Amino acid sequence: DARVTQTPRDKVTEMGQEVTMRCQPILGHNTVFWYRQTMMQGLELLAYFRNRAPLDDSGMPKDRFSAEMPDATLATLKIQPSEPRDSAVYFCASGRVGEQFFGPGTRLTVL
Amino acid sequence: AQTVTQSQPEMSVQEAETVTLSCTYDTSESNYYLFWYKQPPSRQMILVIRQEAYKQQNATENRFSVNFQKAAKSFSLKISDSQLGDTAMYFCAFANQGGSEKLVFGKGTKLTVNP
């Protein structure tokens, strides 16, 4: 049963620390998305890749967030330095035309 | 820019009954997809049903069906024979067909199924 995997599932860190979240997309899916979910903003797109190339990262705070896809089996989202307002659930999703499947999310808490 | 509106923040239904969740959207595109996602307390986002805008026939998946009204830009979800496991947040979402396929989500409807 193919599924998107994400690590870690939960992360608690202190303000100013670097945070790295990892995602393994479903094999054969050529598009990978990062979404953030907060109570105030709901679900919003941070960045996405097609065939490992970044296509849109307009939703990311550029000074502290970065997203990469070093190979077809790994996508990463980094926050450096982290701030309390970054506390949220971060979802990775992978897909092909007309379908997106989500990972279990990483719940990030920045103290 | 596309927007998705879910006007019902919370709803409740008795087990075995039918409930309909509302969703409207705004777009100038003619080819697109619409989705309903379910998010139970486990926080996993689960794809419930998908509709392609060019298809006139409403999508169905077991107890879940949609009423897609393209001219009215309306996309409601009907859940028949509600079960306790249907208790969750339900999100309506839009994606363009071709070009950017990012999902634009509504704010969600919290559905509670009562025994």
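Up top you'll find the structure we're talking about.
Trainee: In this structure, what is going on with the overall build of chain B? I would like to understand it.
Mentor: Helix and strand counts for chain B come out as 0 helices and 12 strands. Each helix and strand of chain B, placed in order from N terminus to C terminus, yields the pattern β-β-β-β-β-β-β-β-β-β-β-β. Taking 13 Å as the expected radius of gyration for a compact globule of 115 residues, we find that chain B reaches 14 Å, a close match to that expectation. Projecting the C-alpha coordinates of chain B onto the three principal axes gives extents of approximately 45 × 25 × 20 Å. Evaluated residue by residue, chain B yields a buried proportion of 47% over its 115 residues. Within chain B, contacts between residues at least 6 apart in sequence are counted, and of these 55% link residues at least 24 apart. Summed over all atoms, the accessible surface of chain B reaches about 5500 Å², with 45% contributed by carbon and sulfur.

Trainee: Can you walk me through the state of the cysteines in this structure?
Mentor: Two cysteines form a disulfide when their sulfur atoms are joined by a covalent bond. Applying the stated criterion across every chain, the model contains 2 disulfides over all chains. Here Cys-23 of chain A pairs with Cys-92 of chain A through a disulfide, and the sulfurs are 1.9 Å apart. Because the torsion about its S-S bond is -55 degrees, the bridge between Cys-23 of chain A and Cys-92 of chain A counts as left-handed. Taken together, the residues Cys-23 of chain A in strand β3 (residues 19-24) and Cys-92 of chain A in strand β9 (residues 88-96) connect sequence positions 69 residues apart. Take Cys-23 of chain A and Cys-92 of chain A: they sit in the same class, and that class is buried. In this model, Cys-23 of chain B is linked to Cys-92 of chain B through a disulfide, with the two sulfur atoms separated by 2.0 Å. With the S-S dihedral at roughly -70 degrees, the linkage between Cys-23 of chain B and Cys-92 of chain B falls on the left-handed side. Of this pair, Cys-23 of chain B sits in the loop between β3 (19-21) and β4 (24-26) while Cys-92 of chain B is found in strand β10 (residues 88-96), placing the two residues 69 residues apart along the sequence. Cys-92 of chain B matches Cys-23 of chain B in its accessibility class, with the two residues each being buried.

Trainee: Got a minute to help me understand the pattern of salt bridges in this structure?
Mentor: Between side chains of opposite charge, a pair can form as their charged atoms come close. Within this structure, the stated rule accounts for 11 salt bridges over all chains. When the shortest N-O distance is used, the salt bridge between Lys-55 of chain B and Glu-52 of chain B registers 3.3 Å. The structure contains a network of salt bridges with shared partners spanning Arg-64, Glu-83, Arg-85 and Asp-86 of chain A.

Trainee: Even after reading the chapter, I still don't get the nonpolar core, so can you show me in this structure?
Mentor: One broad trend across soluble globular proteins is that nonpolar side chains are buried collectively. Counting 26 residues, the largest nonpolar core has Tyr-25, Trp-36, Phe-75, Leu-77 and Tyr-90 of chain B as its most contacted members. Secondary-structure elements contributing two or more residues to this core are β3, β5 (32-39), β6 (46-52), β8 (64-69), β9 (74-79), β10 and β12 (109-114) of chain B. Of all the elements, β10 of chain B adds the most residues to this core, at 4 residues. Those residues in contact with Phe-75 of chain B that sit more than four places away from it in its chain are Cys-23, Tyr-25, Leu-34, Phe-35, Trp-36, Gln-51, Val-66, Asn-67, Phe-68 and Cys-92 of chain B. If you look at the next biggest cluster of nonpolar residues, it comprises 22 residues, including Trp-34, Ala-67, Leu-108 and Val-110 of chain A.

Trainee: What exactly am I supposed to notice about the sheet that holds β3 of chain A here?
Mentor: Hydrogen bonding along the main chain pairs the strands of a sheet, whether they run parallel or antiparallel. Residues and elements named next belong to chain A. In space, the 4 strands of this open sheet follow the order β1-β3-β8-β7, with antiparallel pairing throughout. In this open sheet, the two strands that pair with only one neighbour each are β1 (5-7) and β7 (65-71). Neighbour-to-neighbour, the strand axes of the sheet open up by a mean angle of 20 degrees, direction not taken into account.

The rules we used
Residues numbered from 1 in each chain as written. Chains lettered and ligands numbered in written order. Predicted model: local features only at pLDDT ≥ 70, side-chain atom pairs only at ≥ 80, totals over all residues. Heavy atoms only, no water. Helix = DSSP H or I, 4+ residues; strand = E, 2+ residues; numbered from the N terminus. Rg over C-alpha atoms; globule rule 2.2 N^0.38 Å. Buried < 20%, exposed > 50% of the residue type's maximum accessible area, 1.4 Å probe, protein only. Contact = heavy atoms within 4.5 Å. Areas by Shrake-Rupley, 256 points an atom, 1.4 Å probe, with all protein chains shown as cover. Disulfide = S-S within 2.5 Å. Salt bridge = Lys/Arg side-chain N within 4 Å of Asp/Glu carboxyl O. Core = buried A, V, L, I, M, F, W, Y, C linked by side-chain atoms within 4.5 Å. Pairing = 2+ DSSP bridges. Axes fitted to C-alpha atoms, helices over the stretch in contact; angles between N-to-C directions.

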